[in-house]
Amino acid sequence: MIAIIDYGAGNLSSVQKALTFLGAESKITRDKNEIMSASHVILPGVGSFGDAMSSMRERGLVDTVKQAASEKPFLGICLGLQLLFESSEESPGVQGLGLLKGEIAEIPKNMGLKVPHIGWNSIKINQKSGIFEDIDDDSYFYFVHSFYLKNADSDVVAATADYGVKIQCAVQKENLCATQFHPEKSSGIGLKLLQNFLKREG
């Protein structure tokens, strides 16, 4: 069973729908025992970094998420990627999960591009294994975000995208992986990525 962590940040049903399409059993949950007994764990999310961390703390999920991310195949999606880092320009003074090192910065609004970044964007794949196994370089994925990852350790950056700035749009480190884009909204190529995640073993 795949646990989809419910911490009040939305975008849960579309992830579950994609998993159901792939024939995978999943449950939207905030129960620690259910999360820790799952084979795989997904942390989706849309919204504000600060609100998400506050909600996670109110539900007593911070330690559970950290434990799951260290022990199980774990996938963060969109805001779920950003929360893995220490902080975000979006919410100064708010501490993130701090599982990875890097900066979450706002996409500059003076580049002549629309912010938030909404739509399909090609990516450059640095790590051809794990969630990107058998996925071609320059594949297109669907993005919806105003903040992005930069200055992460090079050995964890699995893919990048260009949108006026270089966006570190996917990370992989051991059992932990995350994407800034939405695989559940990225048609067949996104389903392939989710399928690759489901093949990962703890």
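Just above, that's the structure.
Residues numbered from 1 in each chain as written. Predicted model: local features only at pLDDT ≥ 70, side-chain atom pairs only at ≥ 80, totals over all residues. Heavy atoms only, no water.

Trainee: Any details on helix 3 (residues 49-58)? Residues and values, ideally.
Mentor: What helix 3 keeps buried is the set Phe-49, Gly-50, Ala-52, Met-53, Ser-55 and Met-56. Lining the buried residues of helix 3 we find strand 3 (40-43), helix 4 (62-71) and helix 5 (79-82). Where helix 3 begins, one side-chain oxygen reaches toward the backbone nitrogen of Gly-50, 3.3 Å away; that side chain belongs to Ser-48. Just past helix 3, the residue Gly-60 takes up positive phi, approximately 65 degrees. (Buried < 20%, exposed > 50% of the residue type's maximum accessible area, 1.4 Å probe, protein only. Helix = DSSP H or I, 4+ residues; strand = E, 2+ residues; numbered from the N terminus. Contact = heavy atoms within 4.5 Å. Polar contact = N/O pair within 3.5 Å; in protein donor to acceptor, adjacent residues only side chain to side chain.)

Trainee: Quick rundown of the sheet that holds strand 10 (residues 157-163)? Include the residues and the values.
Mentor: Strands sit in the order 2-1-3-4-12-11-10-7 across an open sheet of eight strands; the sheet is mixed. Strands with a single pairing partner mark the edges of an open sheet, and in this sheet they are strand 2 (26-29) and strand 7 (124-125). Two elements, strand 10 and strand 11 (residues 165-173), share six bridges in a ladder whose sense is antiparallel. From the neighbouring strand, Ala-159 faces strand 11, where its bridge partner is Ala-170. (Pairing = 2+ DSSP bridges.)

Trainee: Can you explain the packing of aromatic side chains? Please cite residues and give values.
Mentor: For the coordinates displayed, the defined rule picks out three aromatic pairs. Centre to centre, the rings of Phe-143 and Phe-181 are 5.6 Å apart; their planes meet at 70 degrees, and the pair counts as edge-to-face. Taken as a pair, Phe-143 in strand 8 (residues 140-145) and Phe-181 in the loop between strand 12 (176-179) and helix 6 (187-199) lie far apart in primary sequence, 38 residues in all. Looking at Phe-143, the relative accessible area reads 0%, which means it is buried. Given a relative accessible area of 0%, Phe-181 falls into the buried group. Every member of this aromatic cluster is reached through a ring pair, and the members are Phe-141, Phe-143 and Phe-181. (Phe/Tyr/Trp six-rings, centres within 6.5 Å; stacked < 30°, edge-to-face > 60°.)

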